[in-house]
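Single-letter residue listing:
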Amino acid sequence: MKNDQSTLALAGFLLQIKAIKLNPTKPFTWASGLKSPIYCDNRITLSYPHIRTHIRQEFVNQILERYGRPDLIAGVATGAIAQGALVAQEMGLPFAYVRSEKKSHGLTNLIEGVVEAGQSVVVIEDLVSTGGSSLKAVEALREQGANVKGLIAIFTYGMKTSVEAFKKANCELITLTDYDALIRKAVEESYINTEEHASLLEWKADPKAWSDNHSS
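Residues numbered from 1 in each chain as written. Predicted model: local features only at pLDDT ≥ 70, side-chain atom pairs only at ≥ 80, totals over all residues. Heavy atoms only, no water.

Caption draft 1: Local environment of the pairing of strand 10 (residues 173-178). Of the strand pairs in this sheet, strand 9 (residues 147-156) and strand 10 are connected by 5 bridges, and their pairing is parallel. Along strand 10, the bridge assignment pairs isoleucine 152 with isoleucine 174. Where the polypeptide runs from strand 9 across helix 5 (residues 160-168) and back to strand 10, its parallel neighbour, the crossover connection is right-handed. (Pairing = 2+ DSSP bridges. Helix = DSSP H or I, 4+ residues; strand = E, 2+ residues; numbered from the N terminus. Right-handed = clockwise from strand over helix to strand, strands pointing away.)

Laid out in structure tokens, this is it:
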């Protein structure tokens, strides 16, 4: 399983390249409308070969340690398509990805690639917030007859809603790093001051209340 050193190292990488940005005084607005002191775009990691390779190997290590060798790697569109393909290539496994919704033309596919009933599948995700889009992909694969072993993501905010959603869906969630490790690393490397640290902890405790308090 992942260890403390590896989660902190990856958190440091994400902060270094600004794949994750922290700004409690000037909150970001998520697509949901929620105000947040943190914004994550892990696609940026693909532009840094050494970090991209590090993430790929961490994915591979976690998969082999937890699940052995699955039949298929599946990525969640769009952020985890490249990540999943890198993992599948490294492991010499087939790859498929799950769209956020069916195509509106052609074959109207929801899943792109070959997924056969009975195949063991590990799902790759770049980011887990509420868990909704990730679990839609898991459900789509299960409906195709796949045996989803679990979902592994680069990063999670650790929201209670996502934890509960994955439990309800009976799907194991593993992440390479998380919000707690990120905040710890941000303090260690002086990315944030004491006041900002307190604000980030408040957001983690209740994102909705924090958002309401910081809405103009």
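Now that the structure has been shown, the text picks up again.
Caption draft 2: Inspection of unusual backbone geometry at higher detail. Looking along the chain, the bond that leaves alanine 77 and enters threonine 78 is cis, with omega of -5 degrees. The phi angle at lysine 18 is positive, at roughly 65 degrees, despite the residue not being glycine. If you trace the backbone, lysine 18 turns up in the loop between helix 1 (4-16) and strand 1 (20-22). Note on lysine 18: relative accessible area 51%, which makes it exposed. (Buried < 20%, exposed > 50% of the residue type's maximum accessible area, 1.4 Å probe, protein only.)

Caption draft 3: Structural detail: the pattern of salt bridges. Within the structure shown, the criterion is met by 9 salt bridges. Between arginine 43 and aspartate 41 there is a salt bridge; the shortest N-O distance is 3.6 Å. Between arginine 184 and glutamate 188 there is a salt bridge whose closest N-O contact spans 3.3 Å. With arginine 184 and glutamate 188 both in helix 6 (residues 179-188) and 4 residues apart, this pair spans about one turn of that helix. Because the salt bridges share partners, they merge into one network encompassing Asp4, Arg184 and Glu188. (Salt bridge = Lys/Arg side-chain N within 4 Å of Asp/Glu carboxyl O.)

Caption draft 4: Local environment of helix 1. Given a rise of 1.5 Å per residue, 13 residues ought to cover 18 Å, and the 18 Å separating the end C-alpha atoms of helix 1 matches this to within 8%. Within helix 1, the full set of buried residues consists of Ser6, Thr7, Leu8, Leu10, Ala11, Gly12, Leu14 and Leu15. Elements in contact with the buried residues of helix 1: strand 1, helix 2 (49-67), strand 9, strand 10 and helix 6. Two residues or fewer after helix 1 comes lysine 18, characterised by a positive phi angle close to 65 degrees. (Expected span 1.5 Å × (residues − 1). Contact = heavy atoms within 4.5 Å.)

Caption draft 5: The packing of aromatic side chains, seen in detail. Under the counting rule described, the total for this entry stands at 6 aromatic pairs. Considering the side-chain rings of phenylalanine 28 and tyrosine 39, the 5.8 Å spacing of their centres and the 40 degrees angle between planes classify their relative orientation as tilted. A residue pair is termed long-range when its members are at least 10 positions apart, and phenylalanine 28 in strand 2 (residues 28-29) and tyrosine 39 in strand 4 (residues 38-40) qualify at 11 residues. (Phe/Tyr/Trp six-rings, centres within 6.5 Å; stacked < 30°, edge-to-face > 60°.)

Caption draft 6: Broad picture of the sheet that holds strand 7 (residues 111-112). Ordered by their spatial adjacency, 6 strands build an open sheet running 7-6-5-8-9-10, and the pairing between neighbours is mixed. Of all strands in the sheet, those bounded by a partner on one side alone are strand 7 and strand 10. Pairing of strand 5 (residues 72-76) with strand 6 (residues 95-98) involves 4 bridges; the strand directions are parallel. Residue pairing across strands places glycine 75 opposite tyrosine 97, the latter belonging to strand 6. Contacts from helix 2 reach strand 5, strand 8 (120-128), strand 9 and strand 10, with the element oriented near 145 degrees to strand 9. (Axes fitted to C-alpha atoms, helices over the stretch in contact; angles between N-to-C directions.)

Caption draft 7: Up close: the nonpolar core. Membership of the largest hydrophobic core comes to 40 residues, with the highest contact counts inside it found for Ile38, Ile73, Phe155 and Tyr157. With 6 residues, the top contributor of residues to this core is helix 2. Sequence-distant contacts of phenylalanine 155, that is, excluding residues within four places in its chain, are made with Ile20, Ile38, Cys40, Asn42, Asp126, Leu127, Val128, Thr175, Thr177, Asp178, Tyr179 and Leu182. Leu72, Ala74, Ala96 and Ala137 belong to the second largest nonpolar core, which has 21 residues in total. (Core = buried A, V, L, I, M, F, W, Y, C linked by side-chain atoms within 4.5 Å.)

Caption draft 8: Structural view of helix 3 (residues 81-91). For helix 3, the complete set of buried residues consists of Gln83, Gly84, Val87, Ala88 and Met91. Viewed along the axis of helix 3, the buried residues span an arc of 130 degrees, placing them on a single side of the element. Packed against the buried residues of helix 3 are helix 2, strand 5, strand 6, strand 8 and strand 9. (Arc of directions from axis to C-beta.)

Caption draft 9: Region of the structure containing the environment of proline 49. With respect to the helices, strands and loops of the structure, proline 49 is situated in helix 2. Owing to a relative accessible area of 48%, proline 49 belongs among the partly exposed residues under this scheme. When the C-alpha atoms of proline 49 and glycine 158 are compared, they prove to be 27 Å apart, with 109 residues separating the residues in sequence.

Caption draft 10: Focus on the environment of threonine 29. As for its placement among the helices and strands, threonine 29 is situated in strand 2. A sequence separation of 182 residues divides threonine 29 from serine 211, and the C-alpha atoms of the two residues are 9.2 Å apart. Apart from residues no more than four positions distant in its own chain, threonine 29 is found in contact with Leu34 and Lys35.

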